[in-house]
Amino acid sequence: MSWWVIGLQVKGLSRGRVARPRYTARLWPIRALRIDLSPGRLLAVSAALPALALSGWLLAGLLLVFLGWFGTWQMILLGVPAAGLFVWAGWPKDEVAATWLQTGSVFLVAVASGVFNTVYASQQYIVRRDPATYEQYAIWLQRHGGLPIPESIDAFGGGDAALRFASMGFYAHDGAIVPQFMPGAPILYASGFTPALLGALAVLTIGGVTARLTQARFAWIGALAFAVAMPILYTSRTTFSEIPSLVLLFGGIALVLAGRRMFVAGLVFGLALLIRIDGLRDILPVLVFGVVAQRKLLAGVLVGGGIGFGAGFVLSRPYFDYLSGSLLPLLAICAVVLVIAPFVKRVPRWLPNVAAAGVVLGVLAFAVRPLVETVRRVPTNPDDELTAKLIESVQRANGLPIDRARLYYEDSLYWVIWYVGLPALLLAVFGAFTLMRKMEKPWLLPTAIILWTTVTTLYRPAITADHPFAARRLVPVIVPGLILLAVWGARKLPVWAIAGLLVIPPVITSIGTAFTPIERGEKAAVQEMCDAIPKGSTVLIVERVTGDRLTQVVRGQCGFPTARVAYPDGKDLPLEADVRRIIAKTHSPVLLAAEAGQLTAYGTPRQVMALRTRQDERSLVKAPDGTWSLSVDVWLAVP
C-alpha cells in the first residue's frame, strides 16, 4: 500500500464509558502521524489549540523583534515551526463526551463570528485611542522589523528646544520613539492575524472550555452567548489586546483541565503578560495554585511571565514607569503570595462556606455601591487633566451634570448587567455560590481566576468610563467567566431555556451597534494624505490635535521624518517664531495643521484629508446604542 494512503479506523472508547465510534485518520504506515477526528477529541482540543499556536507564534515574533528581523517571511519560517512545537508539546490527550452536532455547532458559531466581524470590521489608523496605537505599532514592525523608532533628528537640522517627537500613544525616550503598549498584540496584527480571526479563535476556546467544565450539549450556548455580547463584538472588530489575552488565559485553563504538560500550560498563562501587563493580576490565582499543587505549572508561569514582563520592560520602559504606581504593589502582592502559599497545607473547614457567602455579599456590595459612593479623582498630572476634559465633554454631550472629576467606577456591576444580562449574572452568582460550597476540583482554578479578576476589575476598572470603550475591561475574564458560571448554574434547566436566558439579553443590548462599523474610510484617507506629501519631505505639525493624532501616522505609515512644534500651555498653536526658526534649518519642510488659517502665515494651504465617518458613542450612564459622527480635516502647506 502507498505511503500516502489514508485509512479510517473505528475504535471503541476506553473501558467503563459508553461506546461511541472514534474516527481516526492516519498517514499509513507512520503510526505517529495519527489525527483523532472523533467529535469529543476535536471539541476538547479546540479549547487549547488556539492558545498553544499563538504562544509559539508570539515567542517567534518577539525574538525577531529583538533581533530587528521581524517580517512576514521571517514569521512564516520561524513562527510556523514554533507554533507547531507548542501544539505538539501541549496537545490534549483526553476528550469530552460529544456528538458531531454538538461539536459542529461550536465551530459553526466560531466561523459565523469571524465572518460577521470581518464584514463589519472597523478601521482605526488615526491615533485617537488605543486601537490605532496598536495599529501603528504593528505597521512599524511590518515595515521596519524592530524597535525603537528613530527620531530622525538630522532631517530637522539637529535639535531644537521647540521640537517634540512624542505623540499620543508614543513616548520619546533616550533619543528615540517608544510605543506605549506591550508588544504581543502588535506582533500578531503585524504578522497577518485580524481582530475577527482572533475573535473566532476566542469563541472556539470558550466553547471548548464550556464543554470541559459543564457538558458538550451546552457548549454552543456558551460560545453563542459569548460571541453576541457587545464587548466581544467590539473588541473583535479592531486592534485591541483583550481578545488574544483571553485566548491565552482560557486556553491555559483548558490545558490545566486536560491534566498534562503543566509546564506548557504555565507558559501559556505567563505569556498573557506579553499581550497585556494587566495579565499579571489575572494570573495571580495561577501562582497560588502552582505553589500549592503544581510546581511544574508554577515554573511555566514564571518563565512565561518573565519573558512577557522582560519584553515590556525593554521595549516600553516609559509605559512601565507610568504604570509603576499600580504595577509595583501588584508585584509585591505576587511576591507575598509566593512566600506564603507554600505554608498552606490544607483548606480550613470553614473556608468553603465563607467563600460562598463572600460571593453573594460581594455582589450585593457592588449593587449598592452607587448609593453609598461616588468615585472621583482630582487631576494631579497632565494625563489626569486630559481624562477630566474628556469626561467633561462627554457629560455635556450626554446632558449630565458637569463633574469633571467623576470616574463612574461605582456603576461597574451595572456595566456587566448591560452586556451579559441580569439572568446571566444571577445564574453566575448561583453557580459560583454552589461551586464555592462544594469546592469542585475541576472548577477550583477557573473559579478563582474569574472571581479574583471580576472583583478587582469592578472595584477599580482603571479606564475612562465612556462606553463602549470601557467595556473592553470586561473582555479578558469577566464576560467569558460569568457566562461559564451561568451555564453551570443553569445546567439543570432545559437547553432551550438556558439559551434564551443567556443569549437574548446580550443580543438586545448589542443590536444597536452590531451592524454599524466605525471609522470606515480611515485607511483610504490616510493614504490620500500620504500621497499628497511631496517625496523627500520632512513634516512639521503645527497644531495640537493634528500632532496628537497624526505624528506617528505620518512617520510610520507615510514614511516621512515627522515632529511637532511645541505650543504654549493652554494654546493649540506654536509660536510663529519657533516655527520659522525650525523651518529655516529643516530639510524640505512641509507643514500640517487642522485648518487652512493655521498655515497661511507660512505658505499656501491645500486640504489633504477630509474624512467624514462614524465613531464610538461615548455613553457614561447607559449601554451604548448608536454611533457619533467624526470629522478629521488636515491641511498642508509648503513654505
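Refer to the structure printed above.
Residues numbered from 1 in each chain as written. Predicted model: local features only at pLDDT ≥ 70, side-chain atom pairs only at ≥ 80, totals over all residues. Heavy atoms only, no water.

S.K.: I would appreciate a short explanation of the overall build of the chain in the present structure.
M.R.: Summing up its helical and strand segments, the chain has 25 helices and twelve strands in all. In terms of C-alpha radius of gyration, the chain reaches 26 Å, essentially the compact-globule figure of 26 Å for 639 residues. Projected onto its principal axes, the C-alpha positions of the chain cover 85 × 70 × 50 Å. Split into buried and exposed, the 639 residues of the chain put 57% on the buried side. (Helix = DSSP H or I, 4+ residues; strand = E, 2+ residues; numbered from the N terminus. Rg over C-alpha atoms; globule rule 2.2 N^0.38 Å. Buried < 20%, exposed > 50% of the residue type's maximum accessible area, 1.4 Å probe, protein only.)

S.K.: What exactly am I supposed to notice about the sheet that holds strand β7 (residues 176–179) here?
M.R.: Hydrogen bonds between backbone groups are what pair the strands of a sheet, and the pairing can be parallel or antiparallel. Spatial strand order, β4-β7-β6: three strands in an open sheet with antiparallel pairing. Every other strand in the sheet has two partners, leaving β4 (149–150) and β6 (170–173) as the edge strands with one partner each. Bridge analysis of β4 against β7 gives two bridges, and the strand direction is antiparallel. Of the residues in β7, the one forming a bridge with proline 150 is alanine 176. Each of β4, β6 and β7 is contacted by helix α5 (residues 130–144), which is oriented at about 60° to β6, the strand it contacts most. (Pairing = 2+ DSSP bridges. Contact = heavy atoms within 4.5 Å. Axes fitted to C-alpha atoms, helices over the stretch in contact; angles between N-to-C directions.)

S.K.: When you look at empty space enclosed by the protein in this model, what are you seeing that I'm missing?
M.R.: Under the criterion given, the structure shown has four cavities of 30 Å³ or more. Residue lining of the largest cavity: 17 residues in total, with Tyr234, Arg237, Thr513, Thr516 and Asp616 positioned closest to the centre. Among the elements that line the lining of the largest cavity, the one with the most residues is helix α9 (residues 230–235), at three residues. For the lining of the largest cavity, the per-class residue count stands at eight nonpolar, six polar and three charged. The space that makes up the second largest cavity amounts to roughly 90 Å³. For the lining of the second largest cavity, a count of residues per class yields five nonpolar, two polar and five charged. (1 Å grid on protein atoms, 1.4 Å probe; cavity = no way out; pocket = protein on both sides within 12 Å on 5 of 7 lines; lining within 4 Å. Points joined across faces, edges and corners; volume = space filled by probe spheres on them. Nonpolar A, V, L, I, M, F, W, Y, C, P; charged D, E, K, R; others polar.)

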